[in-house]
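Letter by letter, the chains look like this.
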Amino acid sequence: QARDTTLNRQVAIKVLLPAVASDPDRLARFRREARVLASLNHPHIAQIHGFEDVDGVHALVMELVEGPTLADRIVSGAIPINEALAIASQIADALEAAHEQGIIHRDLKPANIKVREDGTVKVLDFGLAKGLDVASSAVGDVLQSPTLSAHATEVGLILGTAAYMSPEQARGKVVDRRADLWAFGCILYEMLTRQRAFGGDNPTDV
């Protein structure tokens, strides 16, 4: 959280950590996220205000979205069906807007969704987003499963993401908007039941 002193407003700063700032792939993904967000203008997608590159520090300046993540809400208990459907409807609107712009999220999960106090939903973190017309990934290429390859040592994060991955994405195959629909279904199920649709002790089991 930071203050934009020019426009006197609260903003969120997302920084590419120095440990990975020199990684061309991570930097390219970070810049791609900025371009993706800049191309999207929707009430249920967190907005980007700018991209900063100062003294080797790369940062996105974004809308500050207050409130818990959907993951936090689910931890507190299953969400009543009427409220869950209201949240799901807003997520679906955000996905439709992105898909109409040729963008798939590829990492949709409760931790990347915030619910403000007034019930407004914001979808966050398009860091793994990819254009629908991009078909450069080779079948069976595990590097096309970015969260798994980028965070191979962070077991919790791998498992958390694997639980919402469509089978073709987990296998490293080319994905389209249906990967987001799969994740959306998993999220809706989890909101209503407080249980993941697909469980397991490790990513392979999931």
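Residues numbered from 1 in each chain as written. Predicted model: local features only at pLDDT ≥ 70, side-chain atom pairs only at ≥ 80, totals over all residues. Heavy atoms only, no water.

*Asks:* I keep staring at a nonpolar patch on the surface and nothing clicks. Help me out?
*Replies:* Nonpolar side chains collect at one region of the surface, where Ile13, Val15 and Val57 lie side by side and expose about 220 Å² of accessible area between them. Checked against the element boundaries, Ile13 lands in strand β2 (residues 9-16). (Patch = residues over 30% accessible without salt bridge, like charges linked within 9 Å, V, L, I, M, F, W, Y side chains within 5 Å. Areas by Shrake-Rupley, 256 points an atom, 1.4 Å probe, with all protein chains shown as cover. Salt bridge = Lys/Arg side-chain N within 4 Å of Asp/Glu carboxyl O. Helix = DSSP H or I, 4+ residues; strand = E, 2+ residues; numbered from the N terminus.)

*Asks:* What is the right way to look at helix α8 (residues 178-193) in this model?
*Replies:* It helps to recall that an α-helix has 3.6 residues per turn; residues three or four apart then point in one direction. Here α8 is 16 residues long and its end C-alpha atoms lie 23 Å apart, about the 22 Å a rise of 1.5 Å per residue gives. Packed against the buried residues of α8 are α3 (70-75), α4 (81-100), β5 (103-104), β6 (113-115) and α7 (167-170). Residue Arg194 follows α8 closely and has a positive phi angle near 65 degrees. (Expected span 1.5 Å × (residues − 1). Contact = heavy atoms within 4.5 Å.)

*Asks:* Teacher, can you tell me more about the pattern of salt bridges here?
*Replies:* Where charged atoms from two side chains of opposite charge come close, those side chains can pair. Taken as a whole and judged by the stated rule, the model has ten salt bridges. A salt bridge links Asp125 to Lys14, with the nearest nitrogen and oxygen atoms 3.1 Å apart. Of this pair, Asp125 sits in the loop between β7 (121-123) and β8 (130-131) while Lys14 sits in strand β2, and the two are 111 residues apart along the sequence. Where Lys109 meets Asp107, a salt bridge forms, and the shortest distance between an N and an O atom there is 3.9 Å. For the pair Lys109 and Asp107, one class covers both residues: buried. Connected through shared salt-bridge partners, Lys14, Glu33 and Asp125 make up one network. (Buried < 20%, exposed > 50% of the residue type's maximum accessible area, 1.4 Å probe, protein only.)

*Asks:* Explanation requested: the environment of Ala12 in the structure shown.
*Replies:* Position of Ala12 relative to the elements: it lies in strand β2. Sequence-wise, Ala12 and Glu63 are 51 residues apart; in three dimensions their C-alpha atoms are separated by 5.8 Å. Setting aside residues up to four positions removed in sequence, Ala12 forms contacts with Leu60, Val61, Met62, Glu63 and Leu64.

*Asks:* Even after reading the chapter, I still don't get the side chain of His105, so can you show me in this structure?
*Replies:* Topologically, His105 is positioned in the loop between β5 and β6. The buried category is assigned to His105, whose relative accessible area is 1%. Polar side-chain contacts of His105 include one of 3.0 Å to the backbone nitrogen of Asp107. In this structure the side chain of His105 is engaged in a polar contact, spanning 2.8 Å, whose partner is the backbone oxygen of Asp125. (Polar contact = N/O pair within 3.5 Å; in protein donor to acceptor, adjacent residues only side chain to side chain.)

*Asks:* Looking at this model, I keep getting lost on the pairing of strand β3 (residues 48-54). Mind explaining?
*Replies:* It is a general feature of regular strands that their side chains alternate between the two faces of the sheet. The sheet contact formed by β3 and strand β4 (residues 57-63) spans six bridges and is antiparallel. Residue pairing in the sheet places Glu52 in a bridge with Ala59 of β4. In textbook terms, the turn of a hairpin is the stretch between consecutive antiparallel strands, and for β3 and β4 this stretch comprises two residues, one of which, Asp55, has a positive phi near 50 degrees. (Pairing = 2+ DSSP bridges.)

*Asks:* Can you help me understand the packing of α4 against α8 in this one?
*Replies:* To describe two helices that pack against each other, one gives the angle between their axes and the distance between the axes. The interhelical angle for the contact between α4 and α8, taken along N-to-C directions, is 165 degrees, at an axis separation of 10 Å. Compared by their axis directions, α4 and α8 come out roughly antiparallel. Of the two possible hands of crossing, α4 and α8 adopt the one that is right-handed. Touching Ile81, Ala84, Ile87, Ala88, Ile91, Ala92, Leu95 and His99 of α4 are Asp180, Phe184, Ile187, Leu188, Met191 and Leu192, all from α8. Its residues placed into classes, the contact of α4 with α8 shows twelve nonpolar, one polar and one charged. (Axes fitted to C-alpha atoms, helices over the stretch in contact; angles between N-to-C directions. Parallel < 35°, antiparallel > 145°, perpendicular 65-115°, else oblique. Left-handed = near helix turned anticlockwise from the far one by under 90°. Nonpolar A, V, L, I, M, F, W, Y, C, P; charged D, E, K, R; others polar.)

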